[in-house]
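Structural characterization, general
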Amino acid sequence: PPRRSSDRTAHRQRLQKDGETIRLLGVGADLPSLVLSDLDAEVLAIEPGLEEERPSERPLSLLVRRRGRLLLTGLPGSGKSTAMRQAAGEQAGIPDAPLPLFIDLKVLARRINSEPAVDAVVEIACGKVRSDERAVFREEILGALSRGEVTLYLDALDETRGMKERAVEAID
């Protein structure tokens, strides 16, 4: 139905917009986000397991498409969340690509005691969707999950503190 298509389109557009900026929330001042294209910034990563003499950097979004599963490591504030938002935003701009879902693991870790992990993931993904559209979008996400047409971008594992093991078990 047309409604489902518009929910998916709106979600993809939100992710694209979110992936175009760097948030400065942690700076401690009320500063506007920076637009990545204005900074001439690009997120590159080294593909693991390649037997190259000198490993070459590739766009993170390409590695997500090629590898399926990736783990980003780095110090706090080094840009892991920004890199994932940018990759999710790029994927969101490809209509036939799996539906990208950006999930904050801090939120997931708090919710999995009171609800199944899949329900928590779906509810977190629906968090920015208008309340009158949530039921339809929830069904669309569940369908996409059952067909394997979703890419999960799991953020903030290092911020789950004592709930880290529970969060990892929930997503495994």
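Placed above this text is the structure.
What this report covers is the structure whose coordinates are included nearby. No experiment lies behind these values; they were computed from the predicted model shown.

What counts, and at which threshold
- Residues numbered from 1 in each chain as written.
- Predicted model: local features only at pLDDT ≥ 70, side-chain atom pairs only at ≥ 80, totals over all residues.
- Heavy atoms only, no water.
- Core = buried A, V, L, I, M, F, W, Y, C linked by side-chain atoms within 4.5 Å.
- Buried < 20%, exposed > 50% of the residue type's maximum accessible area, 1.4 Å probe, protein only.
- Helix = DSSP H or I, 4+ residues; strand = E, 2+ residues; numbered from the N terminus.
- Contact = heavy atoms within 4.5 Å.
- Axes fitted to C-alpha atoms, helices over the stretch in contact; angles between N-to-C directions.
- Parallel < 35°, antiparallel > 145°, perpendicular 65-115°, else oblique.
- Left-handed = near helix turned anticlockwise from the far one by under 90°.

Counting 17 residues, the largest nonpolar core has L99, L101, I103, L108, F137 and I141 as its most contacted members. For this core, the secondary-structure elements that each account for two or more residues are β5 (99-104), α5 (105-111), α6 (117-125) and α7 (134-147). By residue number, the principal contributor to this core is α6, which donates five residues. When near neighbours in sequence (up to four residues on either side) are disregarded, I141 contacts L99, L101, V122, A125, C126 and V150. Of all hydrophobic cores here, the second largest spans ten residues; its members include V43, A45, A87 and Y153.

Turning our attention to the packing of helix α3 (residues 60-67) against helix α4 (residues 80-92). Relative orientation of the contacting elements α3 and α4 amounts to 70 degrees, with a least axis distance of 8 Å. As judged from the angle between their axes, α3 and α4 are roughly perpendicular. Our pair here, α3 against α4, has a crossing hand that is right-handed. Every residue of α4 that contacts α3 at L60, S61 and V64 is listed here: A83, M84, A87, E90 and Q91.

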